[in-house]
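Letter by letter, the chains look like this.
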2 protein chains.
Amino acid sequence: MFRIGELAKECEVKADTLRFYEKHGLLSPSMRSESGYRLYTEQDAERLRFILRAKAVGFTLSEITELLSIDLDKSNWACADVKGMVDIKLANVEEKIAELNHFRVSLQRLSDACCGGPESAEHCSILEALESNVEVKCENHSHDHGETEYKTSCKLKG
Amino acid sequence: MFRIGELAKECEVKADTLRFYEKHGLLSPSMRSESGYRLYTEQDAERLRFILRAKAVGFTLSEITELLSIDLDKSNWACADVKGMVDIKLANVEEKIAELNHFRVSLQRLSDACCGGPESAEHCSILEALESNVEVKCENHSHDHGETEYKTSCKLKG
DNA sequence: CTTGACCTTAGATTTAACTCTAAGGTTTAT
DNA sequence: ATAAACCTTAGAGTTAAATCTAAGGTCAAG
């Protein structure tokens, strides 16, 4: 049995957050002490960890509520319903991964096009790409910066 | 040249949102008409699309501002700075992808363990897993549901 | 020359998810 | 037996990112 502050510390959230989750039906302590203190079981803690994992990955609290709340009402749901929900979330996650991958590729391309040296960013491929949103092209620091102690490199050039 | 409503419609945002972005320094129209109407160029539109792409993938507006604002101040940044920022965002994105993958695997495991049929969810592997957060184990609908017109399947069983 | 669709500003409201405040009761340690 | 650290509730405040409202100016069509 944890008191609210203990569970909060254990899971690195604020006690306020746990009260908030309770108010919103995500997580209620299994017991109260005589004096009314919340008492959380290890199961409660597991549930909290699930919530936090789900949250860390971009689920909203209402999505998490939805995911967890079927449980209160089990017998009125079929496996198909439950699996359907999971599969929708799964599709969401896959979509997000795809979006992130798209962006990761863009960022990688930007990163690769920039020499990353101490030259002024005035001719930086990254900034040019952000400005014009055209295809990333490679830097060529051939103009004189007054700096000659290193070479620029560009992975796109090979 | 687009007026605010045209650009908004084109990019599927509200005109309000564009004013909001302007107020927060993300995107200003290149011109104003005589009567004070905002006039956006194709470049402005590209910039908006970049913002929206970044947003779709989980960047906050202030991260986007940061990413875009270096541009106003180019000569005071070195390529190293710019590339550094991009690489930090890249690492963020990769981290998010990793988190999402972790979750995707969990969801997939849940999905695979559930027969997905019309049986009551009272013995649903998914709900049991959410409840107890223990390892997903396979459903066995051997008890009588009064439903016999199909077989349950479980990918974990093979 | 007016109707309707558009635009302007400033500022209030919304939603999600906390986070904090006030006013007080409980537990533990000294 | 009292201070410090905890807990209670109700309700207000915060932040991000819009979204809406009010009060009015502009513009093209009939």
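Source: prediction; values computed, not measured.

Conventions adopted
Numbers given to residues run from 1 along each chain, matching the order in which its sequence is written. Chain labels run from A onward and ligand labels from 1 onward, assigned in the order the entries are written. Local features are withheld for residues below a pLDDT of 70 in this predicted model, meaning they are given only at 70 or higher, and side-chain atom pairs are given and counted only at 80 or more; totals for whole chains, interfaces and linings count all residues. The side-chain quantities take in all heavy atoms of the structure and omit both hydrogens and water. C-alpha atoms of residues with pLDDT of at least 70 in both copies form the basis for the least-squares superposition of the copies. Contact between two residues is taken to exist if any of their heavy atoms lie within 4.5 Å; hydrogens are not considered. Here a residue counts as near a molecule or strand whenever at least one of its heavy atoms sits within 4 Å of it. Each polar contact in these results corresponds to two N or O atoms within 3.5 Å; when the atoms are within protein, one needs to be able to donate a hydrogen and the other to accept it, and residues that are neighboring in sequence are counted only if both atoms are side-chain atoms. Strands here are runs of E lasting at least two residues and helices are runs of H or I lasting at least four, both read from the DSSP assignment and numbered beginning at the N terminus. Should a side-chain nitrogen of Lys or Arg be within 4 Å of a carboxyl oxygen of Asp or Glu, the pair is scored as a salt bridge. Only protein chains enter the accessibility calculation, which uses a 1.4 Å probe; a residue whose area is less than 20% of its type maximum is buried, one above 50% is exposed, and one in between is partly exposed. Side-chain classes are defined by residue name, with Ala, Val, Leu, Ile, Met, Phe, Trp, Tyr, Cys and Pro counting as nonpolar, Asp, Glu, Lys and Arg as charged, and the others, Gly among them, as polar. Every angle, taken between N-to-C directions, lies between 0 and 180 degrees, and every axis is a line fitted to C-alpha atoms, over only the stretch in contact when it is a helix. Any angle that is under 35 degrees is reported as roughly parallel, and any over 145 degrees as roughly antiparallel; angles of 65 to 115 degrees are reported as roughly perpendicular and all others as oblique. Crossings are sorted by hand: turned counterclockwise from the far helix by less than a right angle, the near helix makes the crossing left-handed, and turned clockwise it makes it right-handed.

Novice: Got a minute to help me understand the relation of the copies chain A and chain B in this structure?
Specialist: The two chain copies are related to each other by a rotation about an axis together with a translation along it. Its rotation angle being 180°, the transformation that places chain A on chain B also includes 0.0 Å of axial translation and leaves an RMSD of 0.1 Å. Such a turn and shift between the copies fits a two-fold axis. Ranked by how close their C-alpha atoms come to the rotation axis, the residues of chain A are headed by Ile97(A), at 3.0 Å. In this assembly, 100% of the residues forming the interface of chain A have copies in chain B that are likewise at the interface, indicating an isologous arrangement.

Novice: So what exactly am I meant to see when it comes to the protein's contact with DNA strand D here?
Specialist: Residues in contact with DNA strand D amount to 18 residues; listed here are only the nearest, Gly5(A), Arg38(A), Asp16(B), Tyr21(B) and Tyr37(B). For DNA strand D, the fraction of atoms within 4 Å of the protein that belong to sugar or phosphate moieties is 74%. Gly5(A) has a polar backbone atom sitting 2.6 Å from a phosphate oxygen of DNA strand D. Interatomic distance of 3.5 Å between a side-chain N/O atom of Arg32(A) and a phosphate oxygen of DNA strand D. Put simply, the parts of the chain that give the surface near DNA strand D at least two residues each are helix H1 (4–11) of chain A together with helix H2 (15–23) of chain B.

Novice: Could you clarify how one ought to interpret the pattern of salt bridges in this entry?
Specialist: Any two side chains of opposite charge can pair, on the condition that their charged atoms come close. All names here are of chain A. Within this structure, the stated rule accounts for 12 salt bridges over all chains. Residue glutamate 22 pairs with arginine 38 through a salt bridge whose shortest N-O separation is 2.5 Å. Highlighted residues: glutamate 22 in helix H2 (residues 15–23) and arginine 38 in strand E3 (residues 38–40), separated in sequence by 16 residues. Arginine 38 shares its class with glutamate 22; the two are buried.

Novice: Can you walk me through the protein's contact with DNA strand C in this structure?
Specialist: Neighbouring DNA strand C are 18 residues, the closest being Tyr21(A), Ser35(A), Tyr37(A), Gly5(B) and Arg38(B). Arg32(B) has a polar side-chain atom sitting 3.5 Å from a phosphate oxygen of DNA strand C. Here a phosphate oxygen of DNA strand C sits 2.7 Å away from a polar atom, N or O, in the side chain of Arg38(B). Secondary structure elements with two or more residues in the surface near DNA strand C: H2 of chain A together with helix H1 (4–11) of chain B. Residue classes in the surface near DNA strand C are distributed as six nonpolar, five polar and seven charged.

Novice: Where do I start with the environment of Leu39(B) in this structure?
Specialist: All names here are of chain B. Looking at the secondary structure, you find leucine 39 in strand E2 (residues 38–39). Taking the C-alpha atoms as reference, leucine 39 lies 5.0 Å from arginine 3; in sequence the two are 36 residues apart. Residues contacting leucine 39, with those up to four places away along its chain left out, are Met1, Phe2, Arg3, Pro29, Ser30, Met31, Arg32, Ser33 and Asp44.

Novice: Got a minute to help me understand the packing of helix H4 (residues 61–69) of chain A against helix H5 (residues 79–113) of chain A in this structure?
Specialist: Angle between the axes and distance between the axes: these two values describe a pair of packed helices. Residues and elements named next belong to chain A. One way to put it is that H4 packs onto H5 with a least axis distance of 10 Å and a crossing angle of 150°. Between H4 and H5, the angle falls in the class roughly antiparallel. Once H4 is placed against H5, the crossing between them reads as left-handed. Here Glu63, Glu66 and Leu67 of H4 lie close against H5, whose contacting residues are Met85, Lys89 and Asn92. Looking at the contact of H4 with H5, its residues break down into two nonpolar, one polar and three charged.

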